[in-house]
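Observations on the model geometry
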Amino acid sequence: MREKVYITAEIGINHNGDIEIAKKLIDVAFVAGCDAVKFQKRTIDKVYTKEFLDGPRQSPWGTTQRAQKEGLEFGKNEYDIIDAYCKEKGLEWYASAWDVDSQIFLRQYNLKFNKIASAMLVNEDLLDCVASEGRYTFIATGMSSMEEVDRAVEVFKKHNCPFELLHCNSTYPMPDEDANLNLIHTLAQRYGCKVGYSGHEDGLLVSECAVAIGATSIERHITLDRTMYGSDQKASVEPAGLCELVKNIRIIERLMGDGEKRLTPAEAEIKKKLRG
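Below or above, wherever it landed, is the structure these notes cover. Please read these numbers as outputs of a predicted model, since none were measured by experiment. (Residues numbered from 1 in each chain as written. Predicted model: local features only at pLDDT ≥ 70, side-chain atom pairs only at ≥ 80, totals over all residues. Heavy atoms only, no water.)

**Here we look at helix H12 (residues 265-275)**
- Summarising burial for H12: zero of the eleven residues are buried, a small minority.
- Note on H12: the residue one or two positions beyond its end, Gly-276, has a positive phi of about 75 degrees. (Buried < 20%, exposed > 50% of the residue type's maximum accessible area, 1.4 Å probe, protein only. Helix = DSSP H or I, 4+ residues; strand = E, 2+ residues; numbered from the N terminus.)

Shown next as structure tokens:
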């Protein structure tokens, strides 16, 4: 029997800077039966240039990019609450750091997993920092060439750090015709590792098909309401959809079986009747 598919509900920045929304999303993931929730952590002045941050952007927090980015960012107080709340629920949490300082910040929580976001796959300083911790790491491969994935994998192998690749297409939402799920097999054969799927598509079918062909983990963005403010909301799954997705993944696991030919007791009875 195949291993249980690991299901992560990606909260990311869909909390819109509100810890109460974050807690509601944790509740959604818990009720649905997810294994973990994931956030994103950035040091704004390290990730973005001053010119970008000074640029215009209308948001609930003001009229500049800086106001929007800072409005979405959680600090120690919020992550302390998240850590305690997830422990209370018995739910794992982890985060994708977008810079070395953020990764160092996350170490205080002694998390079970790390995550390399697709956007950070070519940040060698960050890769080295994460891999040096030796924690099991999910590595998203969106918007990357195979050569870029090669270099990232080399870093983790150099540190003898366990990892799992995530097939990913970094469009929000992703058109179904761009899913290319057979790449899951290609990555598994090339790197000899587990390969999961991180999806940004509308609906549930692509993620379910990924499980059927062998994805070892699934990560999907979640939201309370896809009409809420935020760049990731439209590519996210609402509570009812998340419950349906988790239920269907667990059904698919049972349907796939272990691939061995055997006569079930019920079939044996039919055999007696039809073959004498």
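After that view of the structure, there is still more to cover.
**A few points about the packing of aromatic side chains**
- All chains considered together, the criterion is met by 17 aromatic pairs.
- With 6.2 Å between their ring centres and 25 degrees between their planes, Tyr-6 and Phe-138 make a pair best called stacked. Taken together, the positions of Tyr-6 in strand S1 (residues 6-12) and Phe-138 in strand S7 (residues 136-140) put the pair 132 residues apart, joining distant regions of the chain. For the pair Tyr-6 and Phe-138, one class covers both residues: buried.
- Taken together, a centroid distance of 5.5 Å and an interplanar angle of 65 degrees make the contact between Tyr-94 and Phe-113 edge-to-face. You can see Tyr-94 sitting in strand S5 (residues 92-97) and its partner Phe-113 sitting in strand S6 (residues 113-116), a full 19 residues away along the chain. Residue Tyr-94 shares its accessibility class with Phe-113, and that shared class is buried. (Phe/Tyr/Trp six-rings, centres within 6.5 Å; stacked < 30°, edge-to-face > 60°.)

**Some thoughts on helix H8 (residues 146-158)**
- Between the first and last C-alpha of H8 there are 18 Å, a value that for 13 residues agrees with the 18 Å anticipated at 1.5 Å per step.
- Among the residues of H8, Val-149, Asp-150, Ala-152, Val-153, Val-155 and Phe-156 are the ones counted as buried.
- Looking one or two residues beyond H8, the residue adopting positive phi is Asn-160, at roughly 55 degrees. (Expected span 1.5 Å × (residues − 1).)

**Structural notes on the layout of surface pockets**
- Here the largest pocket defines a volume of roughly 490 Å³.
- Gln-40, Arg-42, Trp-98, Tyr-172 and Asp-232 are, among the 29 residues lining the largest pocket, the residues nearest its centre.
- Of all elements in the fold, only strand S2 (36-41), helix H4 (65-72) and strand S10 (217-221) reach the threshold of two or more residues within the lining of the largest pocket.
- Top contributing element to the lining of the largest pocket by residue count: H4, with three residues.
- Partitioning the lining of the largest pocket into residue classes produces eleven nonpolar, nine polar and nine charged.
- What the second largest pocket holds in volume is close to 200 Å³.
- Residue composition of the lining of the second largest pocket, by class: six nonpolar, three polar and five charged. (1 Å grid on protein atoms, 1.4 Å probe; cavity = no way out; pocket = protein on both sides within 12 Å on 5 of 7 lines; lining within 4 Å. Points joined across faces, edges and corners; volume = space filled by probe spheres on them. Nonpolar A, V, L, I, M, F, W, Y, C, P; charged D, E, K, R; others polar.)

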